[in-house]
Amino acid sequence: MNNNKYNLRSKSKKKRENDENKNNIEEEEEHKNGMELNEFKIDESIMEISHHPYITIIGQRHSGKGVLINELCYWLDKKFKYDNIFCFSQTAKMTGALAFMPQNCIFNTLDKLKEIIDIRKESGSKSPLLLIFDDIASMTSMGSNGKRKNIRYNETLEFLSTTARHYNISVVLSIQNRVLCSKTCRNNSSYSFVFTPKSHDDMKTIKNEYLGLCKSKDEATIIFDSVFREAYKCLAVEGHKSGVISVYEYCSWYIAPFPLRKYKTKALRKAKKKEKKKKKENKKNDMKELTMEEKNLEKNLIFRLSSIYNERELPKDKDNNYEKAINIY
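Remember, it's a predicted structure, so these values are computed and weren't measured experimentally.

*Asks:* I would appreciate a short explanation of the confidence of the model for the chain in the present structure.
*Replies:* Detailed reading of the predicted coordinates is not advisable wherever pLDDT is low. Looking at the chain, the pLDDT average stands at 83 and 74% of residues meet or exceed 70. In the model, residues 26-31 has pLDDT below 50 throughout and makes one contact with residues more than four positions away in sequence or in other chains. For the stretch residues 303-309, pLDDT sits under 50, and the model shows eleven contacts to residues farther than four places along the chain or on other chains.

Take a look at the structure:
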């Protein structure tokens, strides 16, 4: 009898504990769900932005940066309709990753960058311009002191991060590690897209730089875990927003659509049209040259068959005149 009572008490106690644990788990899940970020609406955000953005993408190899660049450039071109697009990359031409832009505007060194910016300053042109930097880790550039500098200390990149929008220049900077980009560039980014970090230092930096408005470390950890628990998912930070008082107002998550969207930017369509026009003009010029050659041949190769006939033996026409010369080509 006593044993039965003991067993009943033990069972009811276990049940209460299980119910409490279940309730705690449900409360914790609700708490976590309340701290999860919304999905980033790339089309809405870019179409609403009022200035040419400086965009930073940070992620390791095969994290999804290339797919994101393709999607970003589609919406950026839809918004700003760039007259010119230039890319600086060591691999873009080989991989064919940037098929949406003119391939002759892809450079494997940074030497042309300063020239492009100088021309822009001198001309005062306001036509929309897009600059893409991808896979530039080992690239160097000539500094003002005449020495070559690492990409981290590139003066033109820092200049672009603070003043590009005033020259109607949009920038997309894709790097594998945050240390390749100065803090000035990161802090002045209109958008930052950060993929799964592979080190504790990077994890701490993400929480410190982008999740600073979290109310506690636990909240920052929950948000961090909710974003990076899925492959190819990145943290999207809208740094251009002002007056924000909550992390949920400027931070969200995003996964770029795959397979790659196929499209042609305005710059590519313009280049193809120009190329087609040039081919047509070249063909026309070739025809003109051919006609001139024919005329020259007609002049130079006309001869009378005096070597065959004597003058008195030359054939005459019905009016008793000598026949015209024979053209030989």
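*Asks:* Please clarify how the layout of surface pockets should be interpreted in this entry.
*Replies:* Unfilled space is identified by rolling a water-sized probe across the atoms. There is about 520 Å³ of room inside the largest pocket. In this structure, the largest pocket is lined by 20 residues; those nearest its centre are Lys65, Gly66, Thr91, Ala97 and Asp134. Secondary-structure elements contributing two or more residues to the lining of the largest pocket are helix H3 (65-80), helix H4 (92-95) and strand S7 (169-175). In terms of residue count, H3 provides more of the lining of the largest pocket than any other element does, four residues in total.

*Asks:* Would you explain the pairing of strand S8 (residues 191-194) in this entry?
*Replies:* The two faces of the sheet receive side chains in turn, since in a regular strand these alternate between them. Residues Tyr191 and Phe193 point to one face of S8 and Ser192 and Val194 to the other, with burial holding for every one of them. With four bridges joining them, strand S1 (residues 54-58) and S8 adopt parallel strand pairing. Its bridge partner being in S8, Ile58 is matched across the sheet by Val194. Pairing of S8 with strand S9 (residues 234-238), which is carried by four bridges, proceeds in the antiparallel orientation. Looking at S9, one finds that Ser192 is bridged to Val237.

*Asks:* So what exactly am I meant to see when it comes to the packing of helix H8 (residues 200-210) against helix H9 (residues 217-227) here?
*Replies:* Packed helices, taken two at a time, are described by the angle between their axes plus the distance between the axes. Contact geometry of H8 with H9 gives a least axis separation of 11 Å together with a crossing angle of 115°. Put simply, H8 runs roughly perpendicular to H9. Like other packed secondary-structure pairs, H8 and H9 cross with a definite hand, here right-handed. For the pair H8 and H9, the contacting residues are Met203, Ile206 and Lys207 in the first and Ala220, Thr221 and Phe224 in the second. The residue makeup of the contact of H8 with H9, split by class, is four nonpolar, one polar and one charged.

*Asks:* Can you help me understand the state of the cysteines in this one?
*Replies:* Linking two cysteines covalently via their sulfur atoms produces the bond known as a disulfide. If you walk through the whole model with that rule in mind, you get zero disulfides. No disulfide involves Cys105; its sulfur sits 9.9 Å from that of Cys87, the nearest cysteine. Cys105 gets classed as buried once you look at its relative accessible area, which sits at 15%. Of all cysteine sulfurs, the one in Cys214 lies closest to Cys251, which takes part in no disulfide; the gap is 7.5 Å.

*Asks:* What is the right way to look at empty space enclosed by the protein in this model?
*Replies:* What the rule picks out here adds up to three cavities of 30 Å³ or more. Put simply, the largest cavity is a space of about 150 Å³. As for the largest cavity, its lining consists of 17 residues, of which Ile58, Arg178, Val194, Asp202 and Ile206 are closest to the centre. Looking at the lining of the largest cavity, the element that brings in the most residues is H8, giving five residues. Residues of the lining of the largest cavity, tallied by class, amount to six nonpolar, six polar and five charged.

*Asks:* Where do I start with the packing of helix H5 (residues 111-123) against helix H6 (residues 155-163) in this structure?
*Replies:* Two numbers describe how H5 lies on H6: the axes approach to 10 Å, and their chain directions differ by 40°. Between H5 and H6, the angle falls in the class oblique. H6 is crossed by H5, and the crossing has left-handed handedness. Across from Leu113, Ile117 and Lys121 in H5, the residues of H6 making contact are Thr156, Phe159 and Leu160.

So, how was this worked out
Residues numbered from 1 in each chain as written. Predicted model: local features only at pLDDT ≥ 70, side-chain atom pairs only at ≥ 80, totals over all residues. Heavy atoms only, no water. pLDDT = per-residue confidence, 0-100. Contact = heavy atoms within 4.5 Å. 1 Å grid on protein atoms, 1.4 Å probe; cavity = no way out; pocket = protein on both sides within 12 Å on 5 of 7 lines; lining within 4 Å. Points joined across faces, edges and corners; volume = space filled by probe spheres on them. Helix = DSSP H or I, 4+ residues; strand = E, 2+ residues; numbered from the N terminus. Buried < 20%, exposed > 50% of the residue type's maximum accessible area, 1.4 Å probe, protein only. Pairing = 2+ DSSP bridges. Axes fitted to C-alpha atoms, helices over the stretch in contact; angles between N-to-C directions. Parallel < 35°, antiparallel > 145°, perpendicular 65-115°, else oblique. Left-handed = near helix turned anticlockwise from the far one by under 90°. Nonpolar A, V, L, I, M, F, W, Y, C, P; charged D, E, K, R; others polar. Disulfide = S-S within 2.5 Å.

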